[in-house]
Structures are given as C-alpha cells and as structure tokens.
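Listed here are the chains, written in short residue letters.
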Amino acid sequence: MAKIITKPQYKELVRLYSSIMGAHQLWELWEDSMIMFACTISNSVDKRYRSERESLYMSCVAKYTREEMQVFPKIFGEIVKQIEDNPEQDLLGDLYMQLDLGSHWHGQFFTPYNVCAMMANMEYHKVESADEVKPVTASDCACGGGALLIAAAHAYRKSIAHTGLNPQHYLCLYAQDLSRTTAMMCYIQLSLQGYAGKVKVGDTLMNPLTEKDNGSDIWYTPMWFSDVWMIRRMLGGAR
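Residues numbered from 1 in each chain as written. Predicted model: local features only at pLDDT ≥ 70, side-chain atom pairs only at ≥ 80, totals over all residues. Heavy atoms only, no water.

Attention shifts here to the pairing of strand β2 (residues 171–177). Where burial is concerned, most of β2 is hidden: 7 out of the 7 residues are buried. Neither face of β2 is exposed, since L171, L173, A175 and D177 on one face and C172, Y174 and Q176 on the opposite face are all buried. After leaving strand β1 (residues 136–140), the chain enters helix α8 (residues 147–160) and then returns to the sheet as β2, a path that is right-handed. Where β2 and strand β3 (residues 196–201) come together, 6 bridges link them in parallel fashion. (Buried < 20%, exposed > 50% of the residue type's maximum accessible area, 1.4 Å probe, protein only. Helix = DSSP H or I, 4+ residues; strand = E, 2+ residues; numbered from the N terminus. Right-handed = clockwise from strand over helix to strand, strands pointing away. Pairing = 2+ DSSP bridges.)

Ranked by internal contacts, the top residues of the largest apolar core, which has 66 residues, are W30, M34, F72, I75, I79, L92 and L171. Here L171 is in contact with Y124, V136, T137, A138, A152, A153, Y156, Y195, A196 and W229, once residues within four sequence places are set aside. Core analysis: the second largest hydrophobic core is formed by 8 residues, Y174, A196, Y220 and W229 among them. (Core = buried A, V, L, I, M, F, W, Y, C linked by side-chain atoms within 4.5 Å. Contact = heavy atoms within 4.5 Å.)

Let us now look at the environment of M36. Counting through the fold element by element, M36 comes out in helix α2 (residues 26–43). Considered as a pair, M36 and F76 are 40 residues apart in the sequence and their alpha carbons are 9.7 Å apart. In contact with M36, not counting residues within four places along its chain, are Y57, C60, V61, M69 and F72.

Summed over all chains, the structure comprises 9 salt bridges. Measuring nitrogen to oxygen at the nearest pair gives 2.7 Å for the salt bridge that ties E12 to R15. One end of the pair, E12, and the other, R15, are both in helix α1 (residues 11–18), 3 residues apart, so they sit about a helical turn from each other. The partly exposed category is assigned to E12, whose relative accessible area is 29%. According to the relative accessible area criterion, R15 is partly exposed, its value standing at 46%. (Salt bridge = Lys/Arg side-chain N within 4 Å of Asp/Glu carboxyl O.)

Attention now moves to a nonpolar patch on the surface. Among the surface-exposed residues, V115, M118, M119 and M122 lie close enough to one another that they form a single nonpolar patch of about 380 Å² accessible area. Its place among the elements puts M122 in helix α7 (residues 113–123). What makes M122 exposed here is its relative accessible area of 58%. (Patch = residues over 30% accessible without salt bridge, like charges linked within 9 Å, V, L, I, M, F, W, Y side chains within 5 Å. Areas by Shrake-Rupley, 256 points an atom, 1.4 Å probe, with all protein chains shown as cover.)

Next up on the list: the side chain of R233. The residue R233 is located in helix α10 (residues 227–236) in this model. Salt bridges are absent for the buried R233, whose nearest opposite-charge side chain, D227, sits at 9.0 Å. A polar contact is formed between the side chain of R233 and the backbone oxygen of W224, at a distance of 2.8 Å. (Lys, Arg positive; Asp, Glu negative; His and termini not counted. Polar contact = N/O pair within 3.5 Å; in protein donor to acceptor, adjacent residues only side chain to side chain.)

Turning our eyes to something else, we now look at the side chain of T163. By the element assignment, T163 lies in the loop between α8 and β2. Within the structure, the side chain of T163 is placed 3.2 Å from the backbone nitrogen of L165, a separation counted as a polar contact. Among all residues touching T163, those that are not within four sequence positions of it are V127, S129, A130 and V133.

With the rule as written, the count across this model stands at 10 aromatic pairs. With centroids separated by 5.6 Å and ring planes inclined at 75 degrees, the aromatic side chains of Y124 and Y156 adopt a geometry described as edge-to-face. Of this pair, Y124 sits in the loop between α7 and β1 while Y156 is found in helix α8, placing the two residues 32 residues apart along the sequence. Centre to centre, the rings of Y220 and W224 are 5.2 Å apart; their planes meet at 50 degrees, and the pair counts as tilted. Take Y220 and W224: they sit in the same class, and that class is buried. A network of ring pairs unites the aromatic residues Y17, W30, Y96 and F110 as a single cluster. Between R232 and the ring centre of W229, over which it is positioned, the NZ or CZ distance is 4.8 Å. (Phe/Tyr/Trp six-rings, centres within 6.5 Å; stacked < 30°, edge-to-face > 60°. Lys NZ or Arg CZ within 6 Å of the ring centre and 35° of its normal.)

By themselves these figures say nothing about function.
Written as structure tokens, this is what we have:
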C-alpha cells in the first residue's frame with residue numbers, strides 16, 4: 001500500500017490503516033472508517049436520525065475486535081490534525097485516489113485540489129466593503145471528497161478577509177454524490193472546515209438535492225445548526 005503514496009504527510013495515516021489490515025481489505029477499512037466518523041459528527045448535532053445512524057455505526061463496529069477499534073479514533077485524530085495544519089487541501093480525496101480506492105466503473109477521477117482552487121479563485125473576487133457581503137451558496141452535484149467546495153470556501157474567505165466578517169456566517173455549501181463513501185468523505189471534510197452545509201447521498205440525475213430536501217439521506221454539518229444559520233433559515237424560509 002505504501003508504495004503508491006507520494007506525500008510524506010500521509011505516512012501516519014497509512015501506517016494506522018496498515019496496522020489493522022490483517023483480516024480486512026483496505027477498501028473495507030476506508031469505507032467503514034468514513035461511515036463511523038460521519039455518524040459520530042452527525043449524531044453530535046442532529047438528533048432526528050440519531051437512532052438510524054447509531055445502528056449504521058454499530059454495524060461497522062461489529063466487524064472489528066476491541067483492539068482494532070482502538071485504532072479508528074487515532075485515524076480520525078490524524079485526519080483532524082492534517083486538516084488543521086493545512087485546511088486548503090482535499091486530504092481524504094487525494095489519499096483515496098493515491099490508495100487506488102476510486103471506482104473506475106463509477107467514473108471516480110477526482111479533480112486535483114490545485115485545479116479546484118484555480119476555478120474557485122476565478123469565481124470569487126475581492127469585495128469593496130462589508131456592505132457588499134451577502135449570504136451565498138456553493139454547490140457540487142458530483143462532489144467526490146469535496147475538493148471544489150473546500151476550494152470555494154477558501155476563495156470566498158480570502159475575498160472578504162479585509163472586511164473582518166466571518167465567512168462561515170455567509171457561505172453555505174451543498175453537495176451530492178452517488179457513492180456513500182465519497183459523500184461521507186465530503187461531509188467529514190466540510191464539517192471539519194467549519195462551514196454550514198448539507199451533503200446528500202444519491203443519484204443527482206434521478207433525485208437531485210434541493211434546498212428543501214430534508215430526509216435521512218441528507219447529512220448536515222455542525223455549523224448548519226449554529227444560531228446564525230438557524231435564524232437565517234427562519235427568515236428566508238429554507239429548511
């Protein structure tokens with residue numbers, strides 16, 4: 001597994017996953033870890049689907065020994081550390097592709113983060129004053145690990161930085177992906193970036209995400225439940 005890793009900062013994550021690969025395949029470890037991490041985040045803020053997501057979490061836990069389960073919090077801790085050290089990256093999407101976990105059959109060829117950043121910087125330009133800052137949304141209907149939305153968040157942050165306003169109070173992110181695994185990757189990363197948003201697991205062509213979607217296939221980031229966004233939704237009528 002380590003032979004295809006080109007970035008030294010991934011060394012510890014690779015080591016942790018490798019330490020429990022004996023009876024499990026890498027794709028299974030990755031999928032289960034993303035589900036467990038996403039359920040943990042969601043259940044800390046969204047009580048509506050707590051029971052359903054707790055059952056999903058426990059279905060993953062049942063596959064592993066007590067000793068193996070002790071590794072997963074270390075993996076999550078390393079993910080948090082990596083994103084805190086460098087927020088402007090698609091950590092999970094990049095590592096997912098480097099580990100060759102992408103499905104060619106589903107067309108999973110993730111856009112590199114630097115390309116996403118270039119696209120985002122073309123969209124968001126420096127505003128003249130705080131009066132020009134209004135709530136905005138960014139969406140990606142085939143989000144993968146969330147690279148484009150992460151890049152959009154940072155481009156937007158830089159565009160209003162001189163106003164002193166908090167970009168997390170003005171930018172809301174919407175995402176959807178057919179793959180539950182990659183949708184969970186996106187959800188985890190958007191949550192750790194600290195932006196309000198929701199991620200839908202499902203076919204964008206057959207059942208696209210809308211502003212009023214509100215079911216168990218929707219995963220809301222913690223910031224979605226902040227006072228500022230709850231008030232904004234009440235005033236605007238969005239759910």
